[in-house]
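Structure at a glance
The lines below spell out each chain.
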Amino acid sequence: MSTQGLDEFAGWVEGLMRRRGYDIDSPRGGGKSRIADEAGVHRAAVTRLLQRQSMPDLETMRRIAPLLGVSVRDMLIRSGRVTPEELPMAADLLPPSDWQPSLEDFARWLGVPDERMGVFVKVVNQFLEPDTDATDPGETVEPRRTARD
């Protein structure tokens, strides 16, 4: 990571910390210690970032992001570690709302081998097709009695 990238990221994090009420500007303000304690990270990690010495590791980012009101995704992208394309939003991964998966799609998701695809579809279709010989929906069926009854 470049010095400019680290400086931009640290400046962004500083702004977030200030907006959340962490006093990171005065030596005795306690903001650095407070955020480190609340996030469960070492104070040194917060200090190194704010002094533009090093980028926090993934675990530190994961713990600090919620305190600053941002997603870990945003923090990782702002840090330059990943691009938005490398870490798409979940909504970007969803199929169109009008898409109806086929039985073959379900079979692939379940790992059904191609040579058994036809059998899978045939068996599942038996459960999905209405059974014309079934009993009347209003009719109750008495359970079979066993020797124990």
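As a reminder, the structure under discussion sits directly above these lines.
**Some words on the packing of helix 7 (residues 103-110) against helix 8 (residues 117-128)**
- Between helix 7 and helix 8, the shortest axis-to-axis distance is 10 Å and the interhelical angle comes to 120°. Overall, the two elements helix 7 and helix 8 adopt an arrangement that is oblique. Like other packed secondary-structure pairs, helix 7 and helix 8 cross with a definite hand, here right-handed. For the pair helix 7 and helix 8, contact is made by L103, E104, A107, R108 and L110 and by M117, F120, V121, V124, N125 and L128, respectively.
- The class makeup of the residues in the contact of helix 7 with helix 8 is eight nonpolar, one polar and two charged.

**Concerning a nonpolar patch on the surface**
- A surface patch of nonpolar side chains, amounting to about 470 Å² of accessible area, comprises W99, F106, W109 and L110.
- Within the fold, L110 resides in helix 7.
- When its relative accessible area of 64% is taken as the criterion, L110 is described as exposed.

**Some points on the packing of aromatic side chains**
- Under the defined criterion, the tally for this structure stands at two aromatic pairs.
- Between F9 and W12, the ring centres sit 5.9 Å apart and the planes meet at 40°, which makes this aromatic pair tilted. Residue F9 and its partner W12 are located together in helix 1 (residues 3-19), separated by three residues, close to a single helical turn. Each member of the pair, F9 as well as W12, carries the same accessibility label: buried.
- Here the aromatic rings of F106 and W109 are separated by 5.1 Å at their centres, their planes lie at 90°, and the arrangement is edge-to-face. Residue F106 and its partner W109 are located together in helix 7, separated by three residues, close to a single helical turn.
- Assessed through its relative accessible area of 37%, F106 is described here as partly exposed.
- Accessibility expressed as a relative area gives 55% for W109, which makes it exposed.

About the criteria used
Residues numbered from 1 in each chain as written. Predicted model: local features only at pLDDT ≥ 70, side-chain atom pairs only at ≥ 80, totals over all residues. Heavy atoms only, no water. Axes fitted to C-alpha atoms, helices over the stretch in contact; angles between N-to-C directions. Helix = DSSP H or I, 4+ residues; strand = E, 2+ residues; numbered from the N terminus. Parallel < 35°, antiparallel > 145°, perpendicular 65-115°, else oblique. Left-handed = near helix turned anticlockwise from the far one by under 90°. Contact = heavy atoms within 4.5 Å. Nonpolar A, V, L, I, M, F, W, Y, C, P; charged D, E, K, R; others polar. Patch = residues over 30% accessible without salt bridge, like charges linked within 9 Å, V, L, I, M, F, W, Y side chains within 5 Å. Areas by Shrake-Rupley, 256 points an atom, 1.4 Å probe, with all protein chains shown as cover. Salt bridge = Lys/Arg side-chain N within 4 Å of Asp/Glu carboxyl O. Buried < 20%, exposed > 50% of the residue type's maximum accessible area, 1.4 Å probe, protein only. Phe/Tyr/Trp six-rings, centres within 6.5 Å; stacked < 30°, edge-to-face > 60°.

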